[in-house]
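Listed below, chain by chain, are the residues.
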Amino acid sequence: MTLDTRIDFIYLSEQDMIRAGVTDMPACVDTMEEMFDLLYQGDYRMAGPNNDSHGAMITFPEQSPFPHMPKPTADRRMMAMPAYLGGNFRTAGAKWYGSNIANREKGLPRSILMFTLNDADTGAPLAHMSANLLSAYRTGAIPGVGARHLARKDAKVIGLAGPGVMGKTTVAAFMAVCPLIDTIKIKGRGQKNLDDFVAWVQATFPQITHIQVVQTLEEVVRDADLVSYCSSGEVGDPSTYPLVRREWVKPGAFLAMPAPCSIDDGMERADVRKVVDNTGLYQAWFEELPKPAHNHVPLVGVRFMDMIAEGKLDAAQVEDIGKIIRGDAPGRLNDEEIILMSVGGMPVEDVAWGTVVYRNALEKGIGVKLNLWEKPVLS
């Protein structure tokens, strides 16, 4: 018997990814919903001892004897994010995440990402792909999944802090699941970003007829049915993270937070429902980090873990969106309840959306075929 040992894979540039559908937000929301169902069933693996780790990150010292070693500046991240996902995906993969906020001074995105998709049986590469859009759309899709199950059906007003890439994809996901939205309030740091965002909204979603630029987080939150903070910043002191006060929040609001966020005592109360994308992810962070963990990972779900450790929150009060999707926990209970969801970002999301885009590319003949070997020299 002659074995076929040839391994080919495809390379997908950013433009290839677009042609293969990476920016199809409604499809991405559906894919993330399917992924959460598999997560809840346990048909997945990520890194770490509890199989729920966000990834493995290189950290850099404040002082180094090596003059060319990178400094630990804001959003300086170099990390590998591996995962396996079962179900109809049955693939594995890893995203390499390089990030430096100073990139913007060079005309580059803050993060430059690549993703490798692998056959889950042999480990052979299936595709190596540009991952900035992959990552942005899968991240933005998660608030959309949350809104599908937890926002009021008559939601009309978005309040957004941070009109950058994450802000755009979050808005796109909200629009995919809440068809009555006609108003958006936005807060940003720079006029150019605000102008670009407004132009994007006008061109992409003409049904949004009211666009208001606001100056404070209170204005972002007040009277909004859907709220999201999507701005990056320094990590270390939670008092500097963007804050949500209970008195600002409209009854019935759904808040999805994929970026730094602090909450006041009112938002910590038990009558504010607390949902996460994957409890195990936050437990993994909590186990890995010095305490309080929220000082080191600024997501509000990590604050939930600190609250549990402090005796301020019962662990059973933190709900997984997968359990809600599966129907083993209720969605929105009434039009008055306030629901706060933390979005952490997981490599299983990259595997899910990367697999869909890869299969689209194969079907459409998109990408450059590359050969790994005809026959391995070492076997």
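Details of the structure are given in the entry above.
The shown structure was predicted, so the numbers you read here are calculated from the model rather than taken from an experiment.

Focus: the sheet that holds strand β16 (residues 318-320)
Within the open sheet, the eight strands sit side by side as β10-β9-β8-β11-β13-β17-β15-β16. Their pairing is parallel. The outermost strands of the open sheet, each flanked by one partner alone, are β10 (210-213) and β16. The sheet shows a mean angle of 20° between the axes of neighbouring strands, direction not considered. In this sheet, strand β17 (residues 338-342) lies alongside strand β13 (residues 254-257) in parallel orientation, the contact comprising four bridges. Bridge pairing in β17 links Phe-254 to Ile-339. Contacts between helix α3 (residues 132-150) and the sheet are confined to β11 (226-229), β13, β15 (272-276) and β17, with β13 contributing the most and set at about 160° to the helix. Across the sheet, helix α4 (residues 165-177) is in contact with β8 (157-161), β9 (183-187), β11 and β13; its angle to β8 comes to roughly 165°.

Some details on the packing of aromatic side chains
All chains considered together, the criterion is met by three aromatic pairs. Pairwise contacts between aromatic rings join Phe-197, Trp-200 and Phe-205 into one cluster. Stacked on the ring of Phe-286, the Lys or Arg Lys-291 has its end atom at 4.6 Å from the ring centre.

Here's the deal with the environment of Arg-332
Its place among the elements puts Arg-332 in the loop between α10 (321-326) and β17. Accessibility expressed as a relative area gives 17% for Arg-332, which makes it buried. Non-local contacts of Arg-332, meaning those with residues more than four positions away in its chain, are made with His-149, Leu-150, Ala-151, Arg-152, Gly-252, Ala-253, Phe-254, Arg-273, Glu-337 and Ile-339. In this structure the side chain of Arg-332 is engaged in a polar contact, spanning 2.9 Å, whose partner is the backbone oxygen of Asn-334.

What to know about the environment of Arg-104
Considering the arrangement of structural elements, one finds Arg-104 in the loop between β5 (91-99) and β6 (111-119). Every residue in contact with Arg-104, bar those within four places of it in the chain, is listed here: Arg-110 and Ser-232.

Considering the pairing of β17
Within β17, five of the five residues are buried, which leaves the element mostly enclosed by the surrounding structure. A two-sided burial pattern is seen for β17, the buried positions comprising Ile-338, Leu-340 and Ser-342 on one face and Ile-339 and Met-341 on the other. Relative to β17, β15 is paired through five bridges, and the arrangement is parallel. The residue bridging Val-276 from the neighbouring strand is Ser-342, located in β17.

What to know about the packing of helix α2 (residues 25-41) against helix α11 (residues 347-364)
The N-to-C vectors of α2 and α11 enclose an angle of 130°; their axes lie 10 Å apart at closest approach. Taken as axis vectors, α2 and α11 run oblique relative to one another. For the pair α2 and α11, the crossing hand works out as right-handed. Residues Ala-27, Cys-28, Thr-31, Met-32, Met-35 and Leu-39 of α2 touch α11, and the partners they reach there are Val-348, Glu-349, Ala-352, Trp-353 and Val-356. Tallied by class, the residues present in the contact of α2 with α11 amount to nine nonpolar, one polar and one charged.

Considering the pattern of salt bridges
Going through the model one piece at a time under the given rule, you end up with 20 salt bridges. Measuring nitrogen to oxygen at the nearest pair gives 2.6 Å for the salt bridge that ties Asp-8 to Arg-6. For Asp-8, a relative accessible area of 25% puts it in the partly exposed group. Accessibility expressed as a relative area gives 37% for Arg-6, which makes it partly exposed. For Asp-30, the salt bridge goes to Arg-148, with nearest N and O atoms at 3.0 Å. Of this pair, Asp-30 sits in helix α2 while Arg-148 sits in helix α3, placing them 118 residues apart in sequence. Taking the relative accessible area as the measure of exposure, Asp-30 reaches 40% and is therefore partly exposed. It is possible to trace a salt-bridge network through shared partners that takes in Lys-95, Arg-138, Glu-349 and Asp-350.

Focus on helix α5 (residues 191-204)
Here α5 spans 20 Å end to end across 14 residues, near enough to the 20 Å set by a 1.5 Å rise per residue. Buried within α5 we find Leu-194, Phe-197, Val-198, Trp-200 and Val-201. With its buried residues spanning 160° around the axis, α5 presents them on a single face. Facing away from the buried side of α5, by more than 90 degrees, are the exposed residues Gln-191, Lys-192, Gln-202 and Ala-203. Here the buried face of α5 lies against β8, α4, β9 and β10.

About the cut-offs
Residues numbered from 1 in each chain as written. Predicted model: local features only at pLDDT ≥ 70, side-chain atom pairs only at ≥ 80, totals over all residues. Heavy atoms only, no water. Pairing = 2+ DSSP bridges. Helix = DSSP H or I, 4+ residues; strand = E, 2+ residues; numbered from the N terminus. Axes fitted to C-alpha atoms, helices over the stretch in contact; angles between N-to-C directions. Contact = heavy atoms within 4.5 Å. Phe/Tyr/Trp six-rings, centres within 6.5 Å; stacked < 30°, edge-to-face > 60°. Lys NZ or Arg CZ within 6 Å of the ring centre and 35° of its normal. Buried < 20%, exposed > 50% of the residue type's maximum accessible area, 1.4 Å probe, protein only. Polar contact = N/O pair within 3.5 Å; in protein donor to acceptor, adjacent residues only side chain to side chain. Parallel < 35°, antiparallel > 145°, perpendicular 65-115°, else oblique. Left-handed = near helix turned anticlockwise from the far one by under 90°. Nonpolar A, V, L, I, M, F, W, Y, C, P; charged D, E, K, R; others polar. Salt bridge = Lys/Arg side-chain N within 4 Å of Asp/Glu carboxyl O. Expected span 1.5 Å × (residues − 1). Arc of directions from axis to C-beta.

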